[in-house]
Amino acid sequence: MPTQLRETDVVIVGLGAAGGVAAYPLAEAGLNVVGLEAGTWLDQRDFAPDEIRNNYRDWPMLVKKAERERPTSRATSADTASQIGSHPMMNAVGGTTLHYWAQSWRLNPWDFRMVTETTRRYGASRIPAGSTVEDWPLGYDELEPYYDRVEREVGISGQAGNVRGDIDPRGNRFEGPRQRGFPMPPLRWTAFNDRMADAARSLGWSPFPGPAAVNSEAYDNRPECGYHGFCSKGGCPLNAKNATHITTIPRAVDTGNLKVVTRAHVTTLEVGSDGRVIGVNYLVGSNQYFQPAKVVLIASYTYENVRLLLLSKSRAYPDGLSNNHGQVGLHYFSHHTSGSVQALFPYDTKAWYGLPAQGVAVDDWADDNFDHTDLDFIGGGNLWVMSDRRPISAASMNTYGRSRNWGSAWKRFIHEHSDRSHGSYIQKTTLPYEDNYLDLDPQVTDPLGLPVIRITGQFKDNERAIAAFMQDKMEEWYREAGAVEVNRGGLGNTMGASTHAYGGTRMGDDAETNVVDRWGFSHEAPNLGVLGASVMGTSGARNPTLTSQALSWRTAAHLVDSWTDIAQ
Amino acid sequence: MTDSKGPRPAISRRDLLRTAGAAGAAALIPDAVGGVTKESPATSARAAAGTERAGGLLPSDTAPLLAGPLTNLTARETEILSAMVDRLIPTDELGPGALDAGVLQYIDRALSEAESNAADAYRSGLAALDTYSRYTRGRPFIDLSTIDQDSVLIDVQLGAATGAGVGFVGSSGSFFNMVKSHTWQGMFGDPKYGGNVDFAGWDLIDYPGVRLGVSPEDQQRLEADQLDPVRRSAYDFGLFE
């Protein structure tokens, strides 16, 4: 029998990017919040700049819940799914914000109104066949105050391009209007970044520094970035990367209203006879607990959010919690980032000391920033040239056909070229389709015997057409900067697991096609909220974290404002 | 069950600076103490010992480089693995190779720790490499000329050595890629794990070393080829567990 705990106002399942933000406005408003986190506290002492530990041995996570629940993946429902090799996310207080790249973009206004805008400009026939894409139930303007708040609470560096309609050519002239600039200036550029920006300008494009949840100067009593080069899958030894375990979570703890429970492995949500959620079941080791709550917010990763709902079957919800309309797991997509382009330069890039969030962005070919009339796709991509190089990965570089990848000839090659290659990061508009979805795998289980998530997902013609188009643009840019070799990767097929996994509990006004309403609360169980990118219906061409955090703050603020209605 | 520990107090800027043994601007940790002028890699005795003969260099004698027997591989397996990693990253005019850099010790330790699941793959793969060598080149792998060793390794890398009777589990390419990946980790990873002895790997690729803070001036020096490499493990900072 589980130990029955005292009822609390709100339980948040998962204290990562999303839950770690939402906890703060709730606790600040005086609600009693219990944060159940599968991982543990980690800090600077755990964040050695050690490539073997971070990038090859999967980091010092003390708890590997996500790893034990790795999804299976397949391209289509005709294929057999196989379990992915490793989970891209981690468990800890702060979640994957501990080791993420920290690129912190706002979506473009177009991303919220893709259907309306595409129909208006090009006609309804341009919505790709089979796509289930909808306009968001809210527009950019409605989310802007929360973007602004999170940029300050978390701490984002960047260069504004549009402040209340005034365009600043140093920033992104395509961004939606912001009420004010970033709280910190952008991260510095290297000489190679400057060179790439010059090349973009000579092509007539508009390069700008990208936004980052990394301190470009001392902020919030923590130091500026050390540019040490181990940021990708590495925690920050200086506390200059603004993960939620050093920003919003400790602020929430300081109110005295957030109780953090670590190593808490949530298994199911409990439902009463009236269809309302009454609390959550969790394990700490082999000890079982039941935490009653007036309101439950699930804030684990997309795969785990969907899995928790599907595993929580009850009389009121026989097919899983909040799934009486059969929408849980649908409208899934992972961000299309394949279709890579790599280049070899005849000069050193001096990229040893940098981070993936430091770099040059070009948005001229993103979203609907260019005319698609004569193109065979909608949307586009963000071109991103970053500084990120570590010794083992540098020595493992593509040899561009100039030598074998081992032996004495390779030693000569690598001695000369280890700092001369660059791989771009191109995030592309990715749409939901009727045959891409998440469900429970019929065969594979975790060590508790509970089924893992099965991903069925394939990039379609629209995504592949964008990828080919963006590869042309990226190659043009590299050549302009003097690249002597350019390689292209494949255009993408199976979606697989991703750190940018969207949908499965989509947000929308129509309960027939969406799991949560415009505030992030279930259409079916009114005191259940969902946080994270699982509520997002479009991806845009940029990292999801800031949008997910702004939505989380908004859901929390709505809960505070409507406490009596939601908590009854 | 509540984690009463909570977030530990942050390491103060003063602690960081004290540990790093230097003061610097803007909370960055300069590498002043660790700045060591890069020396040109010493030509190892092994490289000098290589002798010419028809068909290429004789494989170098690896025995003197072994600090001691490996715990996870037999003497025979160790000989084959030595010969293989010596071809992957040979000692040559550009400096130390995988054996000099302690790659065998790296792999041996890894097989005791993080890569313990790979021990069987090493055993079966090394035996299969030798079997393939005998079948197709008429001699054990360690007795082939370097040219023949390379041609065997190319077959193994491409998956062409896969087949009944040879003994690779799955594709021979999987075995090759595993050993190559571990060899690169041992050559270019942090010296804490037993490899990258004398920073041989980092010198080969001109990696300027682990720093916690790189100031704008450091970056400018790097871009002007005037930044001296630091030679230390991440764990020499005394900050990390």
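Our subject is the structure that appears above.
Quick caveat, the model's predicted, so the values are computed rather than measured. (Residues numbered from 1 in each chain as written. Chains lettered and ligands numbered in written order. Predicted model: local features only at pLDDT ≥ 70, side-chain atom pairs only at ≥ 80, totals over all residues.)

1. Observations regarding helix 9 (residues 302–311) of chain A
Note that an α-helix has 3.6 residues per turn; residues three or four places apart therefore point the same way.
Part 1 of the reasoning: With 9 of 10 residues buried, helix 9 of chain A is to be regarded as a mostly interior element.
Part 2 of the reasoning: Every buried residue belonging to helix 9 of chain A is among T302, Y303, E304, N305, V306, R307, L308, L309 and L310 of chain A, and all of these are buried. (Buried ≥ 20, exposed ≤ 12 C-beta atoms within 10 Å, placed from the backbone. Helix = DSSP H or I, 4+ residues; strand = E, 2+ residues; numbered from the N terminus.)

2. A word on the sheet that holds strand 20 (residues 451–456) of chain A
All names here are of chain A.
Part 1 of the reasoning: If you trace the 4 strands from one edge of the open sheet to the other, you get 5-4-20-19, paired in mixed fashion. A strand with exactly one partner marks an edge of an open sheet, and here the two such strands are strand 5 (82–83) and strand 19 (437–445).
Part 2 of the reasoning: By the bridge criterion, 2 bridges tie strand 4 (residues 72–74) to strand 5 in an arrangement that is antiparallel. Looking across to strand 5, one finds that S73 is bridged to S82. (Pairing = 2+ DSSP bridges.)

3. Remarks on the environment of D168 of chain A
Residues and elements named next belong to chain A.
Part 1 of the reasoning: Residue placement: D168 occurs in the loop between strand 7 (166–167) and helix 7 (191–202).
Part 2 of the reasoning: D168 gets classed as partly exposed once you count the C-beta atoms within 10 Å, which come to 15.
Part 3 of the reasoning: Residues D168 and A395, 227 residues apart in the sequence, show an inter-C-alpha distance of 40 Å.

4. Description of the interface of chain A and chain B
Part 1 of the reasoning: Counting residues at the interface gives 50 residues for chain A, matched by 50 residues for chain B.
Part 2 of the reasoning: Put simply, the parts of the chain that give the side of chain A that touches chain B at least two residues each are helix 2 (51–56), helix 8 (248–254), strand 9 (258–261), helix 10 (391–395) and helix 11 (407–417) of chain A.
Part 3 of the reasoning: In terms of residue count, the dominant contributor to the side of chain A that touches chain B is helix 11 of chain A (6 residues).
Part 4 of the reasoning: Considering only residue class, the side of chain A that touches chain B consists of 24 nonpolar, 13 polar and 13 charged. (Contact = placed C-beta atoms within 7 Å. Nonpolar A, V, L, I, M, F, W, Y, C, P; charged D, E, K, R; others polar.)

5. Quick notes on helix 6 (residues 146–158) of chain B
Residues and elements named next belong to chain B.
Part 1 of the reasoning: In this model, helix 6 (13 residues) spans 18 Å end to end at C-alpha, consistent with the 18 Å of a helix rising 1.5 Å per residue.
Part 2 of the reasoning: Of the positions making up helix 6, those classed as buried are T146, Q149, V152, L153, D155, V156 and Q157.
Part 3 of the reasoning: At its buried positions, helix 6 is contacted by helix 3 (75–88), helix 5 (119–137) and helix 7 (172–188). (Expected span 1.5 Å × (residues − 1).)

6. Observations regarding the sheet that holds strand 8 (residues 207–209) of chain A
All names here are of chain A.
Part 1 of the reasoning: In space, the 4 strands of this open sheet follow the order 8-15-16-18, with antiparallel pairing throughout. Across the chains shown, the open sheet's two edge strands, defined by having one partner strand only, are strand 8 and strand 18 (425–428). Pairs of neighbouring strands in the sheet enclose a mean axial angle of 25°, with direction left out of account.
Part 2 of the reasoning: By the bridge criterion, 3 bridges tie strand 8 to strand 15 (residues 359–362) in an arrangement that is antiparallel. By the bridge assignment, P207 is partnered in strand 15 with V362.
Part 3 of the reasoning: Where helix 7 meets the sheet, it contacts strand 8, strand 15 and strand 16 (381–386), and its direction lies at approximately 20° from that of strand 15.
Part 4 of the reasoning: Contacts from helix 12 (residues 461–480) reach strand 16 and strand 18, with the element oriented near 150° to strand 18. (Axes fitted to C-alpha atoms, helices over the stretch in contact; angles between N-to-C directions.)

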